[in-house]
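# Reading the structure
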Amino acid sequence: NHWTSYSVEQTQFEVIATESGPVMGETLHLFMPIVKSCLQTTREPQMRLKVFTMLSKLLLKASETVNSQGQLHSYSESFINDMIVPNLKWQAGRTAGAIRTVAVSCLWVLLQSETLSQQEILRVEDNLMPQVITTLEEDSKMCRLMSCRIIRALLSPCEGQLHPDKLNKIYPELLKRLDDASDEVRVAAVKTLYQWFKCINEEYERTTYKGHLEFLYKGLLVHLDDPDASLQLIVLDLLKEASAVCPSLLLQEIELVRHKHRSPANCDQLFHYIQTYTSSPPTQCT
């Protein structure tokens, strides 16, 4: 409890953890409480940065370190809710921003390690998703990129299981990222929205939520005429997927914006796709 970034004991702990290899998987009952103590938001920011960096290195080779015994999932819920989520909350200052970025990085590596089951992800989604959404506004391009990818990973096991109100809190921030300064972030946002549309089920009542769909379709159609031709193509693919939700509404929106586009080719292709490949008569969303 008295460690700081200057403590010899903290440095020793870091060296032991990173150099012990598969032995770490046998000592999680000792390791995780120490990490939890060091990552409390009341602790010195510089030490939290060091601990998160150490964790990211371990998680990159999880099967050879902390998950060598396949037991890391037992600590995942506490790790996310008690260590990562509190450190994602916004605070002013560069150091606080750096902590949020390294916490997001650590979370992304954890999700990539595939140590969490779909059920385990579902259990932490409620607490985790709102905090990750806030990090989409970070100054760090890498943080925004990883946040998009994390949201996509969180949505994947939630197909058909999220309440419409929860879904509607996610898409506005992703839509903003289509105007990001980084093309990499923009592409990641489109891919995440693709997953978002897959989460829509029958509970997402088309008449009740028509305003949300209209707003989404309008925002995406803007980027069907994006200056970046490659982004146009992935937005076109996204809109083809999204058209299944409410074909009639999207057809209306295409007709409203077609004349504003520098080239109507993508609008025409999408319009033809909806009319030709929609398996059932267009759903009326009016």
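Reading the values: the criteria
- Residues numbered from 1 in each chain as written.
- Predicted model: local features only at pLDDT ≥ 70, side-chain atom pairs only at ≥ 80, totals over all residues.
- Heavy atoms only, no water.
- Core = buried A, V, L, I, M, F, W, Y, C linked by side-chain atoms within 4.5 Å.
- Buried < 20%, exposed > 50% of the residue type's maximum accessible area, 1.4 Å probe, protein only.
- Contact = heavy atoms within 4.5 Å.
- UniProt positions renumbered as here; feature names shortened; annotations may be inferred.
- Helix = DSSP H or I, 4+ residues; strand = E, 2+ residues; numbered from the N terminus.
- Salt bridge = Lys/Arg side-chain N within 4 Å of Asp/Glu carboxyl O.
- Expected span 1.5 Å × (residues − 1).
- Arc of directions from axis to C-beta.
- Phe/Tyr/Trp six-rings, centres within 6.5 Å; stacked < 30°, edge-to-face > 60°.
- Polar contact = N/O pair within 3.5 Å; in protein donor to acceptor, adjacent residues only side chain to side chain.
- Axes fitted to C-alpha atoms, helices over the stretch in contact; angles between N-to-C directions.
- Parallel < 35°, antiparallel > 145°, perpendicular 65-115°, else oblique.
- Nonpolar A, V, L, I, M, F, W, Y, C, P; charged D, E, K, R; others polar.

The biggest cluster of nonpolar side chains holds 94 residues, and the ones touching the most others in it are F31, L55, W196, F197, Y217 and L220. Sequence-distant contacts of Y217, that is, excluding residues within four places in its chain, are made with F197, L239, A242, S243, V245, C246, L249, L250 and E253.

Before going further, it helps to examine the UniProt feature "repeat: HEAT" (unreviewed entry) in the protein. According to UniProt, the positions carrying the feature "repeat: HEAT" (unreviewed entry) are residues 170-208. Secondary structure across residues 170-208 divides into 56% helix and 0% strand, with the first and last C-alpha atoms of the span separated by 17 Å.

Let's shift gears to the environment of I200. Relative to the helices and strands, I200 resides in the loop between α10 (183-198) and α11 (210-222). Given a relative accessible area of 13%, I200 falls into the buried group. Sequence separation of I200 and L162 is 38 residues, and the distance between their C-alpha atoms is 8.1 Å. Residue contacts for I200: discarding those within four places in its chain leaves L167, R206, L213 and V245.

Okay, unusual backbone geometry next. Backbone geometry at E114 places phi at a positive 60°, although glycine is not the residue there. Mapping E114 onto the fold places it in the loop between α5 (94-112) and α6 (118-134). Using a relative accessible area of 69% as the deciding quantity, one classes E114 as exposed.

Attention shifts here to the pattern of salt bridges. One pass over the full model with this rule turns up 16 salt bridges. With a closest N to O distance of 3.4 Å, E137 and R177 form a salt bridge. A residue pair is termed long-range when its members are at least 10 positions apart, and E137 in the loop between α6 and α7 (141-155) and R177 in the loop between α9 (171-176) and α10 qualify at 40 residues. Judged by its relative accessible area of 41%, E137 is partly exposed. Residue E253 is joined to K218 by a salt bridge in which the shortest nitrogen-to-oxygen separation is 3.0 Å. Here K218 lies in helix α11 and E253 lies in helix α13 (residues 247-257), a separation of 35 residues in the sequence. Via salt bridges that share partners, E137, R144, E173, K176, R177 and D180 belong to a single interconnected network.

Along its 12 residues, helix α1 (residues 8-19) runs 16 Å from first to last C-alpha, staying within 8% of the 16 Å computed at 1.5 Å per residue. Turning to α1, its buried residues number three or more, namely Q10, F13 and A17. Down the axis of α1, the sector holding all buried residues measures 60°, keeping them to one side. Across α1 from its buried face, at more than 90 degrees, point the exposed residues V8, I16 and E19. Once α1 ends, the next one or two residues include G21, with phi positive near 60°.

This part covers the environment of K169. Topologically, K169 is positioned in the loop between α8 (164-168) and α9. For K169, a relative accessible area of 64% puts it in the exposed group. With 39 residues separating them along the chain, K169 and P130 place their C-alpha atoms 8.4 Å apart.

Time to look at the packing of aromatic side chains. If you walk through the whole model with that rule in mind, you get 7 aromatic pairs. Geometrically, the ring pair formed by W196 and Y204 is edge-to-face, given 6.2 Å between the ring centres and 85° between the ring planes. When its relative accessible area of 0% is taken as the criterion, W196 is described as buried.

A few words on the side chain of T65. By the secondary structure assignment, T65 is in the loop between α3 (45-60) and α4 (73-88). Polar side-chain contacts of T65 include one of 2.8 Å to the backbone oxygen of L58. In this structure T65 touches G21, P22, M24, G25 and L58, once residues within four positions along its chain are discounted.

A few words now on the packing of α1 against α3. Where α1 contacts α3, the two axes come as close as 10 Å, and the packing angle between them is 10°. Taken together, the axes of α1 and α3 lie roughly parallel to each other. In this structure, α1 uses Q10, T11, F13, E14, A17 and T18 to contact α3, whose residues at the interface are M47, K50, V51, M54 and L58. The residue inventory of the contact of α1 with α3, partitioned by class, reads 6 nonpolar, 3 polar and 2 charged.

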